[in-house]
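Residues per chain are reported as follows:
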Amino acid sequence: AQTVTQSQPEMSVQEAETVTLSCTYDTSESDYYLFWYKQPPSRQMILVIRQEAYKQQNATENRFSVNFQKAAKSFSLKISDSQLGDAAMYFCAYRTLGRTSYGKLTFGQGTILTVHP
Amino acid sequence: GAGVSQTPSNKVTEKGKYVELRCDPISGHTALYWYRQSLGQGPEFLIYFQGTGAADDSGLPNDRFFAVRPEGSVSTLKIQRTERGDSAVYLCASSSSNRGLRERWSYNEQFFGPGTRLTVL
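The structure presented is a predicted model; accordingly, all values stated were derived computationally and were not measured. (Residues numbered from 1 in each chain as written. Chains lettered and ligands numbered in written order. Predicted model: local features only at pLDDT ≥ 70, side-chain atom pairs only at ≥ 80, totals over all residues. Heavy atoms only, no water.)

Here we look at the pairing of strand β8 (residues 64-69) of chain A
Residues and elements named next belong to chain A.
- Strand direction decides the pairing type here: strand β7 (residues 60-61) and β8, joined by 2 bridges, are antiparallel. In the strand pairing of β8, Thr-60 is matched with Ser-65.
- Here β7 hands over to β8 after 2 residues, with Asn-62 in that stretch at a positive phi of 55°.
- For β8 and strand β9 (residues 74-79), the ladder comprises 6 bridges, and the chain directions are antiparallel. (Pairing = 2+ DSSP bridges. Helix = DSSP H or I, 4+ residues; strand = E, 2+ residues; numbered from the N terminus.)

Quick look at the structure:
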C-alpha cells in the first residue's frame, strides 16, 4: 500500500515571500501521479498542481511549482509571492496509474499554511 | 452550474442513530468517490462508483456504512448505529468516466464537494 507523509503540521510565511511545503511518499510502483490540493475553510478541495511520475521536468502553475525527486520519493510544493488568499490547509496526494485503483487518492496528513500581511 | 454539491452541510446526531448524507455530482460525471476526513487528518477513501455500481468499496470501515447510487447520478452514504468515532467531514468527488481513456497517462480530474460535517454526540 502507498503512504504519503507530510511532516510539517504548520507553516507560516510573510506576504510576498516564498514558502516550501514538504511531502514524501512510499510506493513500489513506477507509474503514478502526485498532486497538491488546497483546502480553505470552506472545506472544498481545490487542485493546485499535478505531476506525472515519468516526467523529469517539474510541474509549474503560475506561482506554484514542485520539486519532484523520484528516487528520493519526495514531492515538495513551492509557493512564490505568497498572497493572503493562499492561506489554507495543503494536502499532498498520490494516485496510482493502475486501472484497478479506479483513480482513488491517498492523502497526506496536511500542512496548515498561514500567510502574514 | 455547478460543481459537486453535498447536503446537509452539517449534521448533528446522537449515538446509535441512522444518518444519510447526499452527494450531487457534476452533471454527466459517471465516476463518484466518497472520502472521510477526520479532524486534523487527510481524507481517506471510502468507496468508488462507476455509474450505478460500487466498483471498489474497500475503504468502508465496517458494515454499518453503506452507499448507493441507484440512477448513476446522486449518491447517498448511509451510516447505521452511528458511533462517536464516525464524527468527521465526509467528502464527495466526481469525475468523468475513467473508462476508455486512450492514452496511458490520461486521467480525469476529481472535483470535490464542500463536504458534510457529521457530529455524533
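Right, picking up where we left off after that structure.
Quick notes on the state of the cysteines
- Tallied over the entire structure, the rule returns 2 disulfides over all chains.
- Between Cys23(A) and Cys92(A) runs a disulfide, and the two sulfur atoms are separated by 2.0 Å. Taking the sign of the S-S torsion, about -70° here, the bridge from Cys23(A) to Cys92(A) comes out left-handed. Of the two residues, Cys23(A) is situated in the loop between β3 (19-21) and β4 (24-26) and Cys92(A) in strand β10 (residues 88-96); the sequence distance between them amounts to 69 residues. Comparing Cys23(A) with Cys92(A) shows no difference in burial state: the two are buried.
- Here Cys23(B) engages in a disulfide with Cys92(B); their sulfurs sit 1.9 Å apart. Note on the Cys23(B) and Cys92(B) pair: the S-S dihedral is about -65°, so by sign convention the disulfide is left-handed. In this pair, Cys23(B) is assigned in strand β3 (residues 19-24) and Cys92(B) in strand β9 (residues 88-95), connecting sequence segments 69 residues apart. (Disulfide = S-S within 2.5 Å. Buried < 20%, exposed > 50% of the residue type's maximum accessible area, 1.4 Å probe, protein only.)

Some words on the interface of chain A and chain B
- At the interface, 26 residues of chain A touch 32 residues of chain B.
- With both chains or domains summed, chain A and chain B bury close to 2,400 Å², and 52% of this area falls on carbon and sulfur atoms.
- Looking at the side of chain A facing chain B, the largest losses of area belong to Arg43(A), Tyr102(A) and Lys104(A), adding up to 30% of the total buried there.
- Counting across the chain A and chain B interface gives 1 salt bridge.
- Residues Lys104(A) and Asp56(B) are paired through a salt bridge, measuring 2.9 Å at the closest nitrogen-oxygen approach. (Contact = heavy atoms within 4.5 Å. Buried area = accessible area lost by both parts, 1.4 Å probe. Salt bridge = Lys/Arg side-chain N within 4 Å of Asp/Glu carboxyl O.)

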